[in-house]
Amino acid sequence: ASVSRAASSRFSLLSPRWLKRWTASAADLLFPPSCTFCDEPSSPREDGTLLCETCASRLGQARKDNCRRCGMPAPALKVDDGKCTDCRDRKFSFSEVRSLGLYENDVRQAVLRMKHHEQEHLAMALGRRLAALLEANPFTEPPELIAPVPMHWLTRLVRGTSAADTLARSLAAAVSLPVAGDLLYCRRLLKKQGMLLASERKTNVRGAFAASRRYDISGAKILLVDDVITTGATCDSAAQALLEAGAAAVYAVSVARGTGMRT
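Per chain, residue numbering runs from 1 following the sequence as it is written. With pLDDT at 70 or above as the cut-off, local features in this predicted model cover only qualifying residues; side-chain atom pairs require 80 or more to be listed or tallied, and sums for whole chains, interfaces and linings still use all residues. Only hydrogens and water are set aside when side-chain values are computed; all heavy atoms of the structure are taken into account.

Salt bridge criterion: a side-chain nitrogen from Lys or Arg within 4 Å of a carboxyl oxygen from Asp or Glu. In the structure shown here, the tally under the stated rule is seven salt bridges. Here Glu96 ties to Arg68 by a salt bridge, and the two come within 3.6 Å at their closest N and O atoms. Here Glu96, found in the loop between helix 2 (53-58) and strand 1 (97-102), pairs with Arg68, found in the loop between helix 2 and strand 1; they are 28 residues apart in sequence, far enough to count as distant. A relative accessible area of 8% means that Glu96 is categorised as buried. Whether a residue is buried, partly exposed or exposed follows from its accessible area with a 1.4 Å probe, protein chains only, as a fraction of its type maximum: under 20%, in between, or over 50%, in that order. Residue classification places Arg68 among the partly exposed residues on the basis of a relative accessible area of 38%. The partner of Lys115 in a salt bridge is Asp227, and the shortest N-O contact between them spans 3.0 Å. Remark: Asp227 occurs in strand 5 (residues 221-229) and Lys115 occurs in the loop between helix 3 (105-114) and helix 4 (120-136); sequence separation between them is 112 residues. Judged by its relative accessible area of 26%, Lys115 falls in the partly exposed class. Each helix is a run of DSSP H or I of at least 4 residues and each strand a run of E of at least 2, with the numbering of both proceeding from the N terminus.

The next subject is the sheet that holds strand 6 (residues 249-257). Any two strands with at least two DSSP-identified bridges between them are counted as paired. The parallel open sheet is built from four strands, whose spatial order is 1-6-5-2. Each edge of the open sheet carries a strand with a single partner, namely strand 1 and strand 2 (145-148). Taken over all neighbouring pairs, the strand axes of this sheet differ in orientation by 20° on average, direction set aside. Across eight bridges, strand 5 lies against strand 6 in parallel orientation. In this description, a line fitted to the C-alpha atoms serves as the axis of each element, helices being fitted only across the stretch in contact, and the angle between N-to-C directions of two axes falls anywhere from 0 to 180 degrees.

The subject of this paragraph is the pairing of strand 2. Residues Leu145 and Ala147 line one face of strand 2 and the alternating positions Ile146 and Pro148 line the opposite face, and both faces are buried. Relative to strand 5, strand 2 runs parallel, the two sharing four bridges. Bridging from a neighbouring strand, Ala147 pairs with Leu224 of strand 5.

On the secondary structure map, Arg257 appears in strand 6. Sequence spacing of Arg257 and Gly232 is 25 residues, and the spatial spacing of their C-alpha atoms is 9.2 Å. For this analysis, residues touch if any pair of their heavy atoms sits within 4.5 Å. With residues up to four places along the chain from it excluded, the contact list for Arg257 reads Cys70, Gly71, Met72, Ser99, Gly101, Leu102, Tyr103, Ile229, Thr230 and Thr231. A polar atom in the side chain of Arg257 sits 2.3 Å from the backbone oxygen of Thr230. Polar contacts, as used here, are pairs of N or O atoms within 3.5 Å; protein pairs need one atom able to donate a hydrogen and one able to accept it. Residues neighboring in sequence count only if both atoms are side-chain atoms.

Before going further, it helps to examine helix 3. Considered for burial, the residues of helix 3 that qualify are Val107, Ala110, Val111 and Met114. Down the axis of helix 3, the sector holding all buried residues measures 100°, keeping them to one side. In the core, the buried residues of helix 3 are packed alongside helix 2, strand 1, helix 4, helix 6 (163-175), strand 5 and strand 6. As used here, the arc is the angular range of directions from the helix axis to the C-beta atoms.

Structure representation (structure tokens):
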């Protein structure tokens, strides 16, 4: 599958290596690196993220018994042909889901913090944690392109950031895959999903997303990235738009998986 886009070249003036090393050392001396979640002094991990070992564990311990299709906790005895009791009778446009953890405790706090532009460094760190998650628990087929679930342009303007976009770019850099931040766009202002019932969430996002015609995604396997998946309505609507644009399969990954309001 080919993924193409007309884009302008960008150039940047690079500092000499010795100057970059010197300024980095001076910055570390004046402002010692700290964990992006707990703010305690911490050295970068092997993957380059600034998360201390304790927080990396607290924010990256995915359950072993989650349903591979919908991402919900599903003890092995309840799983039947890859579908658990929560998704056996449901149709999704995405094929599989992976999440770092449930939407509770530290993971919930991380998701809430990532919604603020001053916490983009935390989203970047968690994007690399998502990369580690997918390495340990890969999808049936490897994705070829990464795309964030978009928000409406006005919502992003007001908020000043998009956690899904930051997560997607950090994840893409870690796994060496292309990322298309504008592959999907949101057609209209949406109500906050967290304030709606499950049935209302489906209606709220139905037909809300569309794929840009600047990309050729025919036959592509695409990975959708979002900060939290609860009922799956938003990812399902976004995945449907990608399938309608020609994608062969859509997978989804998120920092958190909500367990409430499942009906």
